[in-house]
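Observations on chain architecture
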Amino acid sequence: MNDQLREVNKTNIHEQAADATHRRLAFFITIHTTMSQTTTIKPKHQLPVDDNGYYGRFGGAYIPEILHKNVETLKEAFYSAIDDKRFNDEFNKLLRDYVGRPSPLYKAEALSRIYNTNIYLKREDLNHTGAHKINNAIGSVLLAKRMGKTRIIAETGAGQHGVATATVCALEGLECIVYMGATDIARQQPNVQRMKMLGAKVVPVTSGNKTLKDATNEAIRDWCCHPADTFYVIGSTVGPHPYPEMVARFQSVISEEMMWQLKQQTGRSYPDYVVACVGGGSNAAGAFYHFIDNDKVRLIAAEAAGKGIDTNESAATIKLGREGIIHGARTLVMQTPDGQIIEPYSISAGLDYPGIGPLHAYLATSHRSEVIAVTDTEALEGAMQLTRAEGIIPALESAHALGVLGKKKFKPDDVVVINLSGRGDKDMNTYLQYINI
Ligand SMILES: Cc1ncc(COP(=O)(O)O)c(C=O)c1O
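Residue numbering note: each chain is counted from 1, following its sequence as written. Given that the model is predicted, a residue must reach a pLDDT of at least 70 before its local features are reported, and side-chain atom pairs must reach 80 or more before they are shown or counted; all residues, however, enter totals for whole chains, interfaces and linings. The side-chain numbers reported here are obtained from all heavy atoms of the structure, hydrogens and water having been left aside.

1. Structural notes on the confidence of the model for the protein chain
Convention followed: pLDDT measures the predictor's confidence residue by residue and takes values from 0 up to 100. Here a residue-residue contact requires only that any non-hydrogen atoms of the pair lie within 4.5 Å.
Mean pLDDT over the protein chain works out to 91, with 89% of the residues at or above the 70 mark. Ignoring residues within four places in sequence, the model shows residues 1–40, a span with pLDDT below 50, making 86 contacts including any to other chains.

Right under this line is the structure:
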């Protein structure tokens, strides 16, 4: 057995151990390939991904045989949909009339004065349902409907992807089941209640440390058991090909809007820096997308250092991870020397994940992006500063992107865009525990 395969198998052994009853189905490895297709869902730039879903050596589709047909059919459906004007029109209409896009690009004058630079916030927090997740949920659920699927499943960490998926399912009249770790259910109660009110079934997951990784395991098991009627709406740029590419394209509207908004406001269609937090990587993928091949734009990914990257209580996957397979893709994974996944920790449920989307593993290891690990405390300080300086309470995830401001020096004439991925309503309980008001 070669080293690569040995590492793949070790990681999978960990996943298989999680639930003996599903062992038969869980993650034995098959590598699937696909033919190349051209796409038109508005990306003016293509991601650096090959026909098999590899970004450099990261990505691919490592899935159980039972899902092979599903993944192949999904690829075909996705590539045909994004070439279809009707699909694009419906997607764009909902983004405009239902989500409220374009989301504003707001010059944060007070924050700019504090840091003596030019800070712009891309206001994904103002989207319907309160985060960027709705962009992907709309694209994915429209695709599910087009494929004749009647049952939608999703995993969620912070609950924003669960709420977004439940929302679009309510709109489209589809059954919705959301897997969520019990730890996250406790810390993101408002979103749990919203999902239930929207008619979704929220299934608590009690394996592992009861967070996003464990919810994703359960969703994949469900998908394995119901391959025919079920569409799995993955909430980030993770999972087997084509998910990372598909989610990035649905989110690419973020940087597409940034280009013309920057042109209007600064006279130039690109910034010096784009800063975004990374959990699995979808808001960062959307915010970076149209700038990836413009090397004048520096891309900064803020990952969650938790209590510090050398404390064993961290979710800084890019800094701490090694190559392995998680949830169907080869990427960086926080793992022990013998391939067992290290349970991550972050104050933020949406960043509390031991893997990272393969695009971000590629951008970081090729030094196209700079990765800055932001601790819980730095994120809380960033959140409080934005709240008091600009009157905007950010999501805890987005607060990690704001934490970069205190760790990186920008020049007075730099244009720095921070993707404000979501709003902080869901995090009020956590904020109140840590911040003295
Ligand atoms: C508001 C918000 N931002 C960011 C994230 C992290 O996810 P991603 O890295 O896919 O953008 C989440 C995840 O739940 C979130 O809710």
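Having put the structure on the table, let's press on.
2. With respect to the packing of aromatic side chains
The cut-off we apply is this: Centre distance within 6.5 Å is the pairing criterion for rings of Phe, Tyr and Trp, where only the six-membered ring of Trp is used; planes under 30 degrees apart are then read as stacked, over 60 as edge-to-face, and the remainder as tilted. In this description a helix means any DSSP run of H or I spanning at least four residues, a strand means any run of E spanning at least two, and both kinds are numbered starting from the N terminus. Only protein chains enter the area calculation, which uses a 1.4 Å probe; residues under 20% of their type maximum are buried, those over 50% are exposed, and those in between are partly exposed.
In this structure the tally under the stated criterion is 8 aromatic pairs. Look at tyrosine 232 and tyrosine 243: their rings are 6.1 Å apart centre to centre, the planes differ by 55°, and that puts the pair in the tilted class. Of this pair, tyrosine 232 sits in strand 10 (residues 230–233) while tyrosine 243 sits in helix 10 (residues 243–251), and the two are 11 residues apart along the sequence. On the accessibility criterion, tyrosine 232 (0% relative accessible area) is buried.

3. Here we look at the pairing of strand 14 (residues 329–333)
Our working rule: We treat two strands as partners when DSSP finds at least two bridges between them.
For strand 14, a buried count of 5 out of 5 residues is recorded, marking the element as mostly surrounded by other parts of the structure. Two elements, strand 13 (residues 322–326) and strand 14, share 5 bridges in a ladder whose sense is antiparallel. Opposite isoleucine 325, over in strand 14, you have arginine 330 as the bridge partner.

4. Digging into the site of the ligand
Convention followed: Only a single heavy atom is needed: when it lies within 4 Å of a molecule or strand, its residue is near that molecule or strand. Residues adjacent in sequence count toward polar contacts only when both atoms are side-chain atoms; beyond that, a polar contact is any pair of N or O atoms within 3.5 Å, and within protein one must be able to donate a hydrogen and the other to accept it. As a working rule, the residues Ala, Val, Leu, Ile, Met, Phe, Trp, Tyr, Cys and Pro are called nonpolar, Asp, Glu, Lys and Arg charged, and the rest polar, with Gly in that last group.
The environment of the ligand is formed by 19 residues, the closest being Ser236, Gly279, Gly281, Ser282 and Ser421. A distance of 2.9 Å is found between an oxygen atom of the ligand and a side-chain nitrogen or oxygen belonging to histidine 132. Residue serine 282 places a side-chain N or O atom 2.7 Å away from an oxygen atom belonging to the ligand. Partitioning the shell around the ligand into residue classes produces 6 nonpolar, 11 polar and 2 charged.

5. Things to note about the side chain of serine 255
Looking at the secondary structure, you find serine 255 in helix 11 (residues 253–266). Polar contacts involving the side chain of serine 255 include one to the main-chain carbonyl oxygen of glycine 286, which spans 2.7 Å. Contact partners of serine 255, with chain neighbours within four places excluded, come to Gly286, Ala287, Phe288, Tyr289, His290 and Phe291.

6. What to know about a nonpolar patch on the surface
Rules: Any residue with relative accessible area above 30% and no salt bridge may belong to a patch, with like charges joined within 9 Å and the nonpolar Val, Leu, Ile, Met, Phe, Trp and Tyr side chains within 5 Å. We get accessible surface area from the Shrake-Rupley algorithm with a probe of 1.4 Å; when it comes to residues, only the shown protein chains can shield them. We define a salt bridge as a contact between a side-chain nitrogen of Lys or Arg and a carboxyl oxygen of Asp or Glu at a distance within 4 Å.
Together, Ile393, Met428, Leu432 and Ile437 make up an exposed nonpolar region whose accessible area comes to about 390 Å². By the secondary structure assignment, leucine 432 is in helix 17 (residues 428–434).

7. Some remarks on helix 3 (residues 85–99)
Heads up, the condition is: In this analysis, the expected span of each helix is defined as 1.5 Å times one less than the number of residues it contains. Taken from the helix axis, the directions to the C-beta atoms give the arc we talk about.
Between its first and last C-alpha, helix 3 extends 20 Å over 15 residues, near the 21 Å set by a 1.5 Å rise per residue. Residues of helix 3 that are buried: Phe87, Asn88, Phe91, Leu94, Leu95 and Val99. Seen end-on, helix 3 carries its buried residues on one side only, within an arc spanning 135°. Looking at helix 3, the residues exposed on the side facing more than 90 degrees away from the buried face are Lys85 and Arg86. In this structure, the buried residues of helix 3 make contact with helix 2 (68–82), helix 5 (133–146), helix 6 (160–172), helix 10 and helix 11. Among the residues of helix 3, the N-terminal cap falls to aspartate 84, whose side-chain oxygen and the backbone nitrogen of arginine 86 are separated by 2.9 Å. At the exit of helix 3 stands glycine 100, carrying a positive phi of roughly 95°.

8. Examining the sheet that holds strand 8 (residues 175–181)
For the record, the criterion: Between N-to-C directions, angles cover 0 to 180 degrees, with each direction set by a line fitted to C-alpha atoms, over the stretch in contact for helices.
The sheet built from 4 strands is open, its strands ordered 9-8-7-10 with parallel pairing. Since the sheet does not close on itself, it has two edges, and those belong to strand 9 (201–205) and strand 10, each with one partner. Between one strand axis and the next, the sheet turns through 25° on average, direction left out of account.

9. Some details on the pattern of salt bridges
All told, the structure shown has 26 salt bridges when counted by the stated rule. Within this structure, Arg101, Lys122, Glu124 and Glu257 form a network of salt bridges that share partners.

10. Here we look at the sheet that holds strand 15 (residues 369–375)
With mixed pairing, the 6 strands of this open sheet are ordered in space as 5-6-16-11-12-15. Strands with a single pairing partner mark the edges of an open sheet, and in this sheet they are strand 5 (105–107) and strand 15. Each strand axis lies, on average, 25° off the axis of its neighbour in the sheet, ignoring direction. Most of the contacts of helix 16 (residues 396–403) go to strand 11 (residues 273–277), to which it runs at about 145°, and overall it touches strand 6 (118–123), strand 11, strand 12 (298–306), strand 15 and strand 16 (415–420).

11. Considering the packing of helix 5 against helix 6
Stated precisely, the cut-off is as follows: In what follows, roughly perpendicular refers to angles from 65 to 115 degrees, roughly parallel to angles under 35, roughly antiparallel to angles over 145, and oblique to any angle outside these ranges. Should the near helix be turned anticlockwise from the far one by less than a right angle, the crossing is left-handed, and should it be turned clockwise, the crossing is right-handed.
In the contact formed by helix 5 and helix 6, the axes pass within 9 Å of each other and the chain directions differ by 40°. Between helix 5 and helix 6, the crossing angle belongs to the class labelled oblique. Considering only the axes of helix 5 and helix 6, their crossing is right-handed. Contacts between helix 5 and helix 6 involve Lys133, Ile134, Asn136, Ala137, Ile138, Val141, Leu142 and Lys145 on the former and, on the latter, Gln160, His161, Ala164, Thr165, Thr167, Val168, Cys169 and Glu172. Each residue belonging to the contact of helix 5 with helix 6 can be placed in one class, and the counts come to 8 nonpolar, 5 polar and 3 charged.

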